[in-house]
Amino acid sequence: MDEPRWLDERENRAWRGYRRMRRLLDLELARELMQDAGLSEPDYDVLSDLSETPDQRLRLSELADRMLWSRSRLSHHLSRMQQRGLVTREECPSDGRGSIVALTPAGRQAIDAAAPGHVAAVRRHLIDLLGPEEIDALGALTHRVVDHLADGDRRRGRAEV
């Protein structure tokens, strides 16, 4: 068995800093989203994904793939969102086994109300702390890692990230 390639001090500092930053940033954004808009991060993800489609609807399986969730987990979450009137589920006309998740007017109103505050929080806690070159570097490195992981998913036959 090959000896592990341990992280050197510089690499370890970068890795641990990234992990700590991600946890703190996710926690703060989730806290502010709930406090300001009454939405959880998964609520926001569902509503924003639906709101960005031309007809504000997606197959449940496609939405689950986008969120990197199992269909069962998403189905349970959608049931809670349906009770709050944010989304509806309909039978898929082309496949009786599938379902379509659609944004309701209340869901549209919720995402429209939440988005400005959420974007302001993203700016306040990340974007505005960086200079233009750092934003370019962040964009480049995140897309490189996402592309690498998505290629691995495609090779394993899983949905795209």
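On a predicted model such as this, the values are computed, not experimentally measured, just so you know.

Engineer: For the packing of aromatic side chains, give the residues involved together with the corresponding values.
Structural biologist: For the structure on display, the rule yields 1 aromatic pair. Seen from the ring of Trp69, Arg73 lies directly overhead, with NZ or CZ sitting 3.8 Å from the centre.

Engineer: Can you explain helix H4 (residues 71–83)? Please cite residues and give values.
Structural biologist: In this model H4 runs 18 Å from its N-terminal to its C-terminal C-alpha over 13 residues, within 8% of the 18 Å that 1.5 Å per residue would give. Of all the positions in H4, only Leu74, His77, Leu78 and Met81 are classed as buried. Taken around the axis of H4, the buried residues stretch over an arc of 105°, which confines them to a single face. Two residues or fewer after H4 comes Gly85, characterised by a positive phi angle close to 80°.

Engineer: Talk me through the packing of helix H3 (residues 60–67) against H4; I want residue IDs and the actual numbers.
Structural biologist: The contact between H3 and H4 brings their axes to 9 Å, and the two run at 105°. Comparing their axes, H4 and H3 come out roughly perpendicular. Residues Leu60, Ser61, Leu63, Ala64, Asp65 and Met67 of H3 form the contact with H4, whose own contacting residues are Arg71, Leu74, Ser75 and Leu78. Partitioned by chemical class, the residues of the contact of H3 with H4 number 6 nonpolar, 2 polar and 2 charged.

Engineer: Break down the side chain of Glu32 for me, citing the residues and quoting the values.
Structural biologist: Here Glu32 lies in helix H1 (residues 9–37). A polar side-chain atom of Glu32 sits 2.4 Å from a polar atom in the side chain of Arg124. Among all residues touching Glu32, those that are not within four sequence positions of it are Ala37, Ala121, Arg124 and His125.

Engineer: Outline a nonpolar patch on the surface, supporting the account with residue identities and numerical values.
Structural biologist: A surface patch of nonpolar side chains, about 400 Å² in accessible area, is lined by Leu7, Trp15, Tyr18 and Met21. Its location among the elements puts Trp15 in helix H1.

Engineer: Kindly report on H3, identifying the contributing residues and their values.
Structural biologist: Within H3, the full set of buried residues consists of Leu60, Leu63, Ala64 and Met67. Take H3 and look down its axis: the buried residues cluster within an arc of 100°, on one side only. In the stretch just after H3, Leu68 is the one whose phi turns positive, near 65°.

Quick notes on the rules
Residues numbered from 1 in each chain as written. Predicted model: local features only at pLDDT ≥ 70, side-chain atom pairs only at ≥ 80, totals over all residues. Heavy atoms only, no water. Phe/Tyr/Trp six-rings, centres within 6.5 Å; stacked < 30°, edge-to-face > 60°. Lys NZ or Arg CZ within 6 Å of the ring centre and 35° of its normal. Helix = DSSP H or I, 4+ residues; strand = E, 2+ residues; numbered from the N terminus. Expected span 1.5 Å × (residues − 1). Buried < 20%, exposed > 50% of the residue type's maximum accessible area, 1.4 Å probe, protein only. Arc of directions from axis to C-beta. Axes fitted to C-alpha atoms, helices over the stretch in contact; angles between N-to-C directions. Parallel < 35°, antiparallel > 145°, perpendicular 65-115°, else oblique. Contact = heavy atoms within 4.5 Å. Nonpolar A, V, L, I, M, F, W, Y, C, P; charged D, E, K, R; others polar. Polar contact = N/O pair within 3.5 Å; in protein donor to acceptor, adjacent residues only side chain to side chain. Patch = residues over 30% accessible without salt bridge, like charges linked within 9 Å, V, L, I, M, F, W, Y side chains within 5 Å. Areas by Shrake-Rupley, 256 points an atom, 1.4 Å probe, with all protein chains shown as cover. Salt bridge = Lys/Arg side-chain N within 4 Å of Asp/Glu carboxyl O.

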